[in-house]
Amino acid sequence: MLVEDDEVDAMTVRRALKELHVNNPLARAENGEEALAYLRQPGQVMPCLILLDLNMPVMGGIEFLQVAKHDAALRRIPVVVLTTSEEQQDKVASFDLGVAGYIRKPVDYRQFVEAVRAIDTYWTLSELPQ
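Residues numbered from 1 in each chain as written. Predicted model: local features only at pLDDT ≥ 70, side-chain atom pairs only at ≥ 80, totals over all residues. Heavy atoms only, no water.

*Asks:* I'd like a rundown of the overall build of the protein, residues and numbers included.
*Replies:* Check the secondary structure of the protein and you find five helices and five strands. For the protein, the α and β elements follow one another from N to C terminus as β-α-β-α-β-α-β-α-β-α. Its C-alpha atoms give the protein principal-axis dimensions of roughly 35 × 30 × 25 Å. Across the 130 residues in the protein, those meeting the buried criterion constitute 45%. (Helix = DSSP H or I, 4+ residues; strand = E, 2+ residues; numbered from the N terminus. Buried < 20%, exposed > 50% of the residue type's maximum accessible area, 1.4 Å probe, protein only.)

Okay, here's the thing in structure tokens:
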């Protein structure tokens, strides 16, 4: 799942995943509130990973984490922050709230693809609880 408000960034993620032949379905929400509504739909298949931007309207990434990581049905879904924020307080708050990783969005497309490749490789090999 991708939680990202910027259409260009969302298209860049989709393009990188396609280039890397990652065929997992990609649900998208434009803010934390939409993501929670999607995840809480009855019978919803949970994503194996959430890529989360921090700076979004309505409900930003930190607020999303505050809710999701205290929800028994959602807290075990790994979350990787993928953001432009260089703020130390954002990094600290993200890890305090249980993120699995924090990656600044590279401006260069090739570097972005390599960052997405690293995320894909790690989570393909990682074993998650059932």
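*Asks:* Pulling in residues and values, what's your account of helix α1 (residues 7-19)?
*Replies:* Between its terminal C-alpha atoms α1 stretches 18 Å, which fits the 18 Å expected from 13 residues at 1.5 Å a residue. Along α1, the residues that are buried comprise A10, V13, A16 and L17. Burial along α1 is one-sided: seen end-on, the buried residues are contained in an arc of 125 degrees. In α1, those exposed residues whose orientation departs by more than 90 degrees from the buried face are V8, R15 and K18. The inward-facing, buried residues of α1 contact β1 (2-3), β2 (28-29), β3 (50-52), β4 (79-83) and α5 (109-125). The N-cap of α1, judged by a side-chain oxygen 3.0 Å from the amide nitrogen of V8 a few residues on, is D6. One or two residues past the end of α1 sits H21, with phi positive at roughly 60 degrees. (Expected span 1.5 Å × (residues − 1). Arc of directions from axis to C-beta. Contact = heavy atoms within 4.5 Å. Polar contact = N/O pair within 3.5 Å; in protein donor to acceptor, adjacent residues only side chain to side chain.)

*Asks:* Give me the lowdown on the nonpolar core, citing residues and values where you can.
*Replies:* In terms of nonpolar packing, the biggest core is built from 23 residues, with M1, V3, L39, I50, L52, F64 and L65 touching the most fellow members. Looking at this core, the elements with two or more residues in it are α2 (32-39), β3, α3 (61-68) and β4. Looking at which element gives the most residues to this core, the answer is α3, with four residues. Not counting the four nearest positions on each side in its chain, L65 is found in contact with L52, V79, S94, L97 and V99. Counting 17 residues, the second largest nonpolar core, distinct from the first, contains A16, L17, V22 and L49. (Core = buried A, V, L, I, M, F, W, Y, C linked by side-chain atoms within 4.5 Å.)

*Asks:* Before we move on, could you go through the packing of aromatic side chains and cite the residues and values that matter?
*Replies:* Counted by the stated rule, this structure contains one aromatic pair. Look at Y122 and W123: their rings are 4.8 Å apart centre to centre, the planes differ by 90 degrees, and that puts the pair in the edge-to-face class. In this structure, R15 packs its charged tip against the face of Y109, placed 3.9 Å from the ring centre. (Phe/Tyr/Trp six-rings, centres within 6.5 Å; stacked < 30°, edge-to-face > 60°. Lys NZ or Arg CZ within 6 Å of the ring centre and 35° of its normal.)

*Asks:* Lay out the pattern of salt bridges in plain terms, naming residues and giving numbers.
*Replies:* Applying the stated rule across the entire model yields nine salt bridges. Here R110 makes a salt bridge to E19, at a shortest N to O gap of 2.4 Å. In this pair, R110 is assigned in helix α5 and E19 in helix α1, connecting sequence segments 91 residues apart. Two residues, R104 and E86, come together in a salt bridge whose shortest N-O distance is 2.9 Å. You can see R104 sitting in strand β5 (residues 101-104) and its partner E86 sitting in the loop between β4 and α4 (88-96), a full 18 residues away along the chain. Taking relative accessible area as the criterion, E86 reaches 55% and is therefore assigned exposed. It is possible to trace a salt-bridge network through shared partners that takes in E4, D9, D53 and K105. (Salt bridge = Lys/Arg side-chain N within 4 Å of Asp/Glu carboxyl O.)

*Asks:* Now, about α2: what can you tell me, with residues and values included?
*Replies:* Looking at α2, one finds that the buried residues are G32, A35, L36 and L39. Along the axis of α2, the buried residues cluster in a sector spanning 95 degrees; they form a single face. Turning to α2, the residues buried within the fold contact β1, β2, β3 and α3. One side-chain oxygen at the N-terminal end of α2 lies 2.9 Å from the backbone nitrogen of E33; it belongs to N31.

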